[in-house]
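Below, each chain spelled out in residue letters.
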Amino acid sequence: MRVHLRPSLRPAAVRVIERWVWPAALGVGSAAALSAGLHPHWLDLVWQTRDLTEAQWPADFTRLRLWLDAAELGLAALGAALLATVGGQGRYPAALGVVGLGLVASQVWPLPAALDSGGLAVAWGLLAAAWSRGRFGRASGAVRWGYAFVLVTTLVWAFGALPLDLAGAPPTGVPPVLLWNALLRPGLRDLGMAALLLGAVLAYAEQSPGAVRAGVLRTLVFGGLSLGAAMLFTVVVGGASALLHGAGTLWPSVVAAGLVAALIEPARTALTRSLRRLLYGERDDPSAVMQNLARHLAGVQAGGAPLTGSLEGALINLAEALRLPFVALRFLDGEVISCGQVPAQPPETLPLIAQGERLGQLEVARRRAREDFTKREWALLEGVSGQLAAAAQAWHLARQLGASQERLIRAGEEERRRLRRDLHDGLGPSLAGLGLKLEAARLLLGRSPEKAAEHLSALATEVQGSVGEVRRLVHDLRPPKLDDLGLVGALEELLVGVRQTGLSAVLEVGSLPPLGAALEVAVYRIAQEALTNVMKHAQARRVELRLSVTGGVLDLECQDDGVGLPAVREPGVGSRSMRERAGALSGTLEWLPAPDEGRGTLVRARLPLG
Ligand SMILES: Nc1ncnc2c1ncn2[C@@H]1O[C@H](COP(=O)(O)OP(=O)(O)OP(=O)(O)O)[C@@H](O)[C@H]1O
Ligand SMILES: [Mg+2]
């Protein structure tokens, strides 16, 4: 049987984000960071022109400058986030802390206008240098050289102003200083940023899809956090400055930095969790996947009508939670429950093993041809396959039981038809013939007693034949040993056969009530197969067959001291038919490691008496 399900997957949206939105955001964000870097450069130029000309500027210009600085900070932080995420380091709190410190530092030291973002510049430089240094170590080829270039230019840019700052040299009136500060240094910085951007793009090109996924997530998280932090800074610092009419922005900056430091970690955790769930489902949250699965499977274990629905529900849930395009349970007997689109390439497989018995396999398709599952996802899938196996076993057994009951009914029907045919075509005519011949013998009796005696003795032979025919019919229905020797005798006879192979075999029987014919046949056949398996597989020295009745249930146990069950048992016809026989009587059958002995196997059938 094949069950096919259709999950409501949304990989298309996620693919669009990964392929287009993220690179576009990377480009736009970096361009924004670049222009934010360029913008104060021109503003500084105007500022210095004011110093040079001693012209009076409107007071509003100071406030405008403050707001522009805040906007610059926000954009620069966003750009930093976008760039740093490609590196896969993602130390957000530290990075933002450094930027915040830079801002505070720029407020503490009243630097000349051209350098008033010097602290920020140093922070930026350190951050970028640390990032590209880390990447440099791991990169190769052209990308490595790109990083080296980035490292050098950012360091020069960041620290190029320090000698001037420390000397307290005014940038005014000295053309070479102006040239350096207003044109060359910002130019170098812009070059550095452009190289940084190039490095980021190159790094993006060499990312594996797994890293891209992490990058997308980090970008969104970092971007959101940067925006939040920038807004907080703008509101606190801008608001305080408006209230205090521009006087003293140190304390508001400290407060804003403190607030950002306190809120950043919880905000990051919450944002990461919700974005991850939104974009990639719950595959990174193993406990959520397991909990959901357990909820779905509770219905399967409970059995009953929703059983099939629950297992299918669990598969759909798994496909959606892990964003898998295809998931299937393939049983050994060819039954398949699948969910999603059958992949072009063969899917990954995990064995489905329940209670040491191999049932089949769990098949999962990769999200994309090139994208391998991460270690973490494999661990999750392995856990999931274990849970699914237990439920799949219940599901499969229930289906098998249904099928075997159907087979039994059909077999019963077949048996009746055969009996009718044999009785009608064989025994019926021969009895009718016997009747006719008896009548002829009766008629002969008066005229020729010798001939009648001859007829009668021939008839006696024919009757013997018919009796034999009846016995054959009956024997086909039930092992003759059961009638000849009774159940216990028949089992003892089985053990005689076992002993002939050199095994020591013992039968232990408690007091038994009279057993129904069907139960006797089931016990005999199950014991027969269990003993055959011991001789075939166990390499045992001793086998014990136990039969007892407790609380309306008959227990049949066959315990050996052999090699024990293999780690994964491949069920054959034998164990399937044993299970069917037990199932047909609403009983159960288990394979267990032998207790107390330390080795060997115990097969236990529990069959209700009626
Ligand atoms: N007493 C036992 N000791 C060790 N292994 C056992 C024992 N009984 C069963 N097994 C294991 O269980 C497997 C399944 O048994 P099963 O009777 O279903 O199949 P089979 O004996 O291999 O083939 P078949 O019964 O169809 O001829 C065996 O192949 C064997 O590995
Ligand atoms: Mg067998």
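As the structure is a prediction and not an experimental result, all values here were calculated from the model. (Residues numbered from 1 in each chain as written. Chains lettered and ligands numbered in written order. Predicted model: local features only at pLDDT ≥ 70, side-chain atom pairs only at ≥ 80, totals over all residues. Heavy atoms only, no water.)

Visitor: How should I be thinking about the overall build of the protein chain in this particular structure?
Guide: When its secondary structure is counted, the protein chain shows 16 helices and ten strands. Relative to its full complement of 610 residues, the protein chain shows a buried share of 42%. Pairs at least 24 apart in sequence give 71% of the contacts found in the protein chain among residues at least 6 apart. Accessible surface, the protein chain as shown: approximately 30,600 Å² in total, 63% of it carbon and sulfur. (Helix = DSSP H or I, 4+ residues; strand = E, 2+ residues; numbered from the N terminus. Buried < 20%, exposed > 50% of the residue type's maximum accessible area, 1.4 Å probe, protein only. Contact = heavy atoms within 4.5 Å. Areas by Shrake-Rupley, 256 points an atom, 1.4 Å probe, with all protein chains shown as cover.)

Visitor: Sorry if this is basic, but what is going on with helix α15 (residues 517-538) here?
Guide: What sets the pattern is the α-helix's 3.6 residues per turn: residues three or four places apart point alike. Look at α15: 30 Å from first C-alpha to last across 22 residues, which is about the 32 Å you get at 1.5 Å a residue. Within two residues after α15, Q539 carries a phi angle of roughly 50°, on the positive side. (Expected span 1.5 Å × (residues − 1).)

Visitor: In this structure, what is going on with the packing of aromatic side chains? I would like to understand it.
Guide: The geometry of two aromatic rings is summed up by the distance between their centres and the angle between their planes. If you walk through the whole model with that rule in mind, you get one aromatic pair. Arranged with centres 5.4 Å apart and planes meeting at 20°, the rings of F331 and W395 form a pair that is stacked. Of this pair, F331 sits in strand β2 (residues 326-331) while W395 sits in helix α12 (residues 375-447); the two residues are 64 residues apart in sequence, bridging distant segments of the chain. In this pair, the class of F331 matches that of W395, namely buried. Looking at R569, its charged tip hangs above the ring of W591, at a distance of 4.0 Å from the centre. (Phe/Tyr/Trp six-rings, centres within 6.5 Å; stacked < 30°, edge-to-face > 60°. Lys NZ or Arg CZ within 6 Å of the ring centre and 35° of its normal.)

Visitor: Mind showing me how you'd approach the coordination of the magnesium ion (ligand 2) here?
Guide: Any two of four tetrahedral donors ideally make an angle of 109.5 degrees at the metal, while pairs among six octahedral donors ideally make 90 or 180 degrees. The magnesium ion (ligand 2) binds to the protein through E529 (OE) and N533 (OD1); the donor distances cover 2.1 to 2.2 Å. Placement of the pair is E529 and N533 together in helix α15, with a separation of four residues, close to one helical turn. Assessed through its relative accessible area of 16%, N533 is described here as buried. (Donors = N, O, S within 2.8 Å, 3.2 Å for Na, K, Ca; no water.)

Visitor: Explanation requested: the pattern of salt bridges in the structure shown.
Guide: Pairing between side chains of opposite charge can happen when the charged atoms of each approach one another. If you walk through the whole model with that rule in mind, you get 15 salt bridges. Close ionic contact of E363 with R330 constitutes a salt bridge, the shortest N to O distance being 2.8 Å. Placement of E363 in strand β5 (residues 357-364) and of R330 in strand β2 is noted, with a sequence separation of 33 residues between them. Assessed through its relative accessible area of 6%, E363 is described here as buried. Residue classification places R330 among the partly exposed positions, given a relative accessible area of 29%. Of the charged contacts, one joins K481 and E493 as a salt bridge, the two residues approaching to 3.5 Å between their closest N and O atoms. Using a relative accessible area of 33% as the deciding quantity, one classes K481 as partly exposed. Exposure remark for E493: the relative accessible area of 37% places this residue in the partly exposed category. Connected via shared salt-bridge partners are R542, E544, R546, E557, E590 and R604. (Salt bridge = Lys/Arg side-chain N within 4 Å of Asp/Glu carboxyl O.)

Visitor: Can you walk me through the sheet that holds strand β9 (residues 588-593) in this structure?
Guide: Each strand in a sheet pairs with its neighbour through backbone hydrogen bonds, running either in the same direction (parallel) or in the opposite one (antiparallel). Strands sit in the order β6-β7-β8-β10-β9 across an open sheet of five strands; the sheet is mixed. Only two strands of the sheet have a single neighbouring strand rather than two, namely β6 (504-509) and β9. Taken over all neighbouring pairs, the strand axes of this sheet differ in orientation by 10° on average, direction set aside. Note: β6 against strand β7 (residues 542-550), six bridges, orientation parallel. Across the sheet, the residue bridging to V509 is L547, located in β7. (Pairing = 2+ DSSP bridges. Axes fitted to C-alpha atoms, helices over the stretch in contact; angles between N-to-C directions.)

Visitor: Explain the site of ligand 1 to me, please; I cannot follow it from the model alone.
Guide: Around ligand 1, a shell composed of 18 residues is seen, among which N533, H537, G572, V573 and S575 lie nearest. Side-chain polar atom of S575 to an oxygen atom of ligand 1: 2.4 Å apart, as the coordinates give it. (Near = heavy atom within 4 Å. Polar contact = N/O pair within 3.5 Å; in protein donor to acceptor, adjacent residues only side chain to side chain.)

Visitor: Whenever I open this one, the side chain of E363 confuses me. Can you help?
Guide: Looking at E363, its side chain comes within polar contact range of the side chain of R330, at 2.8 Å. Apart from the residues within four sequence positions on either side, E363 is in contact with F326, V327, A328, R330, P347, E348 and T349.

Visitor: Help me understand the packing of α12 against helix α16 (residues 573-584) in this model?
Guide: When two helices pack together, their arrangement is given by the angle between the helix axes and the distance between those axes. Look at α12 against α16: their axes get within 9 Å of each other, and the N-to-C directions meet at 80°. When the interaxial angle is binned, α12 and α16 end up roughly perpendicular. Counted together, L397, Q400, L401, S404, R407 and L408 of α12 and R576, R579, E580, G583 and A584 of α16 form the full contact between these two elements. Grouping the constituent residues of the contact of α12 with α16 by class yields four nonpolar, three polar and four charged. (Parallel < 35°, antiparallel > 145°, perpendicular 65-115°, else oblique. Nonpolar A, V, L, I, M, F, W, Y, C, P; charged D, E, K, R; others polar.)

Visitor: Just checking my understanding: could you explain the pairing of β5 for this structure?
Guide: The side chains of a regular strand alternate between the sheet's two faces. For β5, the buried fraction is high: six of the eight residues fall into the buried class. In the sheet, β2 pairs with β5 via five bridges, with the strands oriented antiparallel. Note on β5: the bridge partner recorded for F331 is G360. Both strand β4 (residues 348-354) and β5 contribute to a ladder of seven bridges, which runs antiparallel. For E348, the partnering residue across the bridge sits in β5 and is V364.

Visitor: Would you take a moment to explain unusual backbone geometry for this structure?
Guide: Despite not being glycine, Q355 has its phi angle at roughly 50°, a positive value. Checked against the element boundaries, Q355 lands in the loop between β4 and β5. With a phi close to 50°, Q539 is a non-glycine residue in the positive phi region. Take Q539: it is sitting in the loop between α15 and β7.

Visitor: Looking at this structure, I do not really get the packing of α15 against α16. What am I missing?
Guide: Closest axis-to-axis distance for the α15/α16 pair is 10 Å, and the angle between their directions is 160°. Considered as vectors, α15 and α16 are oriented roughly antiparallel to each other. Relative to α16, the crossing made by α15 is left-handed. Between α15 and α16, the residues in contact are V521, R525, I526, E529 and A530 and G574, S575, M578, R581 and A582, respectively. The residue makeup of the contact of α15 with α16, split by class, is five nonpolar, two polar and three charged. (Left-handed = near helix turned anticlockwise from the far one by under 90°.)

Visitor: Sorry, what's going on with the nonpolar core here?
Guide: Soluble globular proteins tend to bury their nonpolar side chains together. L487, L491, V523, L531, L545, L554 and L556 are the most contacted members of the largest nonpolar core, which has 35 residues in total. Looking at this core, the elements with two or more residues in it are α14 (480-499), β6, α15, β7, β8 (553-560), α16, β9 and β10 (601-608). Not counting residues within four places of it along the chain, the set of residues in contact with L487 comprises L482, L515, E520, V523, Y524 and L547. (Core = buried A, V, L, I, M, F, W, Y, C linked by side-chain atoms within 4.5 Å.)

Visitor: Just checking my understanding: could you explain the confidence of the model for the protein chain for this structure?
Guide: Interpretation of the predicted coordinates at a detailed level should be avoided for regions scoring low in pLDDT. Looking at the protein chain, the pLDDT average stands at 71 and 58% of residues meet or exceed 70. Per-element mean pLDDT across the protein chain ranges from 46 in helix α3 (residues 92-108) up to 96 in β8. Every residue in residues 52-60 scores below 50 in pLDDT, and together they form six contacts with partners more than four places removed in sequence or on other chains. Residue range residues 102-119 is modelled with pLDDT below 50. Its contacts to residues more than four positions away, or to other chains, number 35 contacts. (pLDDT = per-residue confidence, 0-100.)

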